[in-house]
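Structural overview for review
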Amino acid sequence: MQRIVSTTVRVKLHSLTNRKADLLAREYEAFQTEVHGGAADLYSATDQQASKVQRQKDPNPDTEQPVVLRNDVFDVAHDEDTVLSSWWVKVPVYDPEQGRGNSIWCPAHVPQKDEPLVREGDIRDSELVRRDGDWYVHLVVKRSVTVQDEYDDVLAIDMGARWVATCAFLSDRKTTFYGEEVRRIREHYKQLRKSIGKAKPRQGQQVVAHIGDAEARKVDDRLHKIARQIVEDAEERNAVIVVGDLGGIPKDNDKGRYVNDKTHKMPFARLLNYIEYKAHGAGIDVQLVEEYNTSKTCNRCACEGIRETQGRFECPECGLDDNADKNGALNIGKRALGKFSKPLSEAGAVLALPETQVIVQHGDEPANLSVSVDSTLSGGTPRLKPWKDVSGCGPNGY
């Protein structure tokens, strides 16, 4: 089966002259003014995109929005003969000296593994992003991939504040938790930035920028390893991958300052991008599923549950007492089958033997926990082969 998919390639702009850096900063700040309801001079096409973002997203005043670069006004070029860089990105900006729109060619670094994709793919509307004083263009590249059209299982992924990814198979509820190492790295560098900023206020900016690069590299390495393991697990079971779409969560979904901070700063989009890229390379389809209310609903009887703690889910109707992220992942998987709202007794479900839950810790070494018994939805869609009937029981618990 052929699918047209989008892949995001993170391209870093480098060796910018002072003039180019100033024009990028000016365009970026003007875009922020526009998307938050103000008025500023922007490149005309970018001004249209700012108005669209303002209408569609209505962003909070304290948030920064990436500058949307329309694909018909920016470009990416490759030239091995230039000394400064072999890759260049043309960024549209408003030039106040000329009083009109202009474009600047910026030297760029494209990751070697992504060079064939950038050369051969169809580049669509992309984004200009500022991070820790550096400039990046997130290139959105469309391409055609071949994926399977029949699967034996569903691997559902819930992304959250505590675990960057909770992965559960629908056939036997085997669950793996990823993200402890990512959280540890991020917390370490967060505290390091605080201490350096207080101790060396003048030199702190340069040091913090260097720290930001080190943190990004380490987190990125972990995300690649997590994505690779997820895809390998899906391959082993011939499972389609379904992921909760965080874009479906309403802006008023306030879970407190601590959880909100963790959630908003987790690199979910990057992890999803890596999962999709690696899965499509292995011929496995990845589907996004609306995540709204999956954390509040019992995966066994579809009734509203109780969350007395962030990590625990209890159902007052059927008595389910389980890990909240695991419950959310299973709901995402069942929603992908189109039977999320039905109790299992009405959905023709087969009892399945739940298996070990696994937390991937330092060095990706799994740690086995106790099992919990529950019913799992084992119906199917035209995309899935019939489930194998497995039944049994075990101790109830997390």
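Residues numbered from 1 in each chain as written. Predicted model: local features only at pLDDT ≥ 70, side-chain atom pairs only at ≥ 80, totals over all residues. Heavy atoms only, no water.

In this section: the confidence of the model for the chain. For the chain, per-residue confidence averages 78 on the pLDDT scale, and residues scoring 70 or more make up 75% of the total. The model gives residues 248-264 a pLDDT under 50, and that stretch makes 15 contacts with residues more than four places away or in other chains. (pLDDT = per-residue confidence, 0-100. Contact = heavy atoms within 4.5 Å.)

Moving on, we get to helix 8 (residues 324-336). Spanning 13 residues, helix 8 covers 19 Å between terminal C-alpha atoms, matching the ideal 18 Å at 1.5 Å per step. Taking burial as the measure, the 13 residues of helix 8 include 11 buried ones, the bulk of the element. Among the residues of helix 8, Ala324, Asp325, Lys326, Asn327, Gly328, Ala329, Leu330, Asn331, Ile332, Gly333 and Lys334 are the ones counted as buried. For helix 8, the side-chain oxygen to backbone nitrogen distance between the N-cap and Asp325 is 3.0 Å, and the N-cap itself is Asn323. (Helix = DSSP H or I, 4+ residues; strand = E, 2+ residues; numbered from the N terminus. Expected span 1.5 Å × (residues − 1). Buried < 20%, exposed > 50% of the residue type's maximum accessible area, 1.4 Å probe, protein only. Polar contact = N/O pair within 3.5 Å; in protein donor to acceptor, adjacent residues only side chain to side chain.)

Along the chain, the position of Asp152 falls in the loop between strand 8 (134-146) and strand 9 (153-158). Considered as a pair, Asp152 and Ala234 are 82 residues apart in the sequence and their alpha carbons are 9.9 Å apart.

Moving on: the packing of helix 1 (residues 18-35) against helix 2 (residues 44-57). Helix-helix packing: each pair is described by the crossing angle between the helix axes and the interaxial distance. With their axes 8 Å apart at the nearest point, helix 1 and helix 2 run at an angle of 40° to one another. Overall, the two elements helix 1 and helix 2 adopt an arrangement that is oblique. Crossing of helix 1 against helix 2: the hand is right-handed. Of the residues in helix 2, those touching helix 1 at Glu27, Phe31, Glu34 and Val35 are Thr46, Asp47, Gln49, Ala50, Val53 and Gln54. A class-by-class count of the residues in the contact of helix 1 with helix 2 yields four nonpolar, three polar and three charged. (Axes fitted to C-alpha atoms, helices over the stretch in contact; angles between N-to-C directions. Parallel < 35°, antiparallel > 145°, perpendicular 65-115°, else oblique. Left-handed = near helix turned anticlockwise from the far one by under 90°. Nonpolar A, V, L, I, M, F, W, Y, C, P; charged D, E, K, R; others polar.)

With that settled, consider the nonpolar core. Membership of the largest hydrophobic core comes to 45 residues, with the highest contact counts inside it found for Ile157, Ile230, Ile241 and Leu271. Secondary-structure elements contributing two or more residues to this core are strand 9, strand 10 (165-169), helix 4 (180-199), helix 5 (204-237), strand 12 (239-245), helix 7 (268-281), strand 13 (286-290) and helix 8. If you tally residues by element for this core, the top one is helix 5, at eight residues. Within the second largest apolar cluster, 32 residues are counted, among which are Leu13, Ala30, Leu139 and Val141. (Core = buried A, V, L, I, M, F, W, Y, C linked by side-chain atoms within 4.5 Å.)

A separate point is the pairing of strand 8. Taken together, the 12 bridges between strand 1 (residues 2-13) and strand 8 define a ladder with antiparallel strand orientation. The residue bridging Leu13 from the neighbouring strand is Trp135, located in strand 8. Taken together, the two bridges between strand 6 (residues 122-123) and strand 8 define a ladder with antiparallel strand orientation. Across the sheet, residue Ile123 finds its bridge partner in strand 8, namely Val141. In the sheet, strand 7 (residues 126-131) pairs with strand 8 via five bridges, with the strands oriented antiparallel. In the strand pairing of strand 8, Arg131 is matched with Asp134. Between strand 7 and strand 8, which follow one another and run antiparallel, lie two residues, and Asp132 among them has a positive phi close to 50°. (Pairing = 2+ DSSP bridges.)

Let us look at the pairing of strand 7. Sheet topology note: the strand 2 (residues 67-69)/strand 7 ladder contains three bridges and is antiparallel. Of the residues in strand 7, the one forming a bridge with Leu69 is Ser126.

Before going further, it helps to spend a moment on the side chain of Asp220. Tracing the chain through its elements places Asp220 in helix 5. Residue Asp220 is classed as buried on the basis of its relative accessible area, which comes to 18%. At a separation of 3.0 Å, a polar atom in the side chain of Asp220 contacts the side chain of Arg270. Sequence-distant contacts of Asp220, defined by excluding residues within four places in its chain, comprise Arg270 and Tyr274.

A word on the packing of aromatic side chains. A complete count under the given rule lists two aromatic pairs for this structure. Relative to Trp135, the ring of Tyr28 lies with its centre 5.4 Å away and its plane at 75°, an arrangement referred to as edge-to-face. Taken together, the residues span a long stretch of sequence, with Tyr28 in helix 1 and Trp135 in strand 8 at a distance of 107 residues. Each member of the pair, Tyr28 as well as Trp135, carries the same accessibility label: buried. With 5.5 Å between their ring centres and 50° between their planes, Trp163 and Phe177 make a pair best called tilted. Of this pair, Trp163 sits in the loop between strand 9 and strand 10 while Phe177 sits in strand 11 (residues 175-178), and the two are 14 residues apart along the sequence. (Phe/Tyr/Trp six-rings, centres within 6.5 Å; stacked < 30°, edge-to-face > 60°.)

Once that is clear, we can look at helix 2. For helix 2, spanning 14 residues, the distance from its first C-alpha to its last is 20 Å, which sits close to the expected 20 Å at 1.5 Å a residue. All buried positions along helix 2 are accounted for by Ala45, Thr46, Gln49, Ala50 and Val53. Along the axis of helix 2, the buried positions cluster into a sector of 140°, meaning they face one direction only. For helix 2, the exposed residues set more than 90 degrees away from the buried face come down to Ser44 and Arg55. Buried positions along helix 2 lie against helix 1, strand 2 and strand 4 (87-95). Within two residues after helix 2, Asp58 carries a phi angle of roughly 45°, on the positive side. (Arc of directions from axis to C-beta.)

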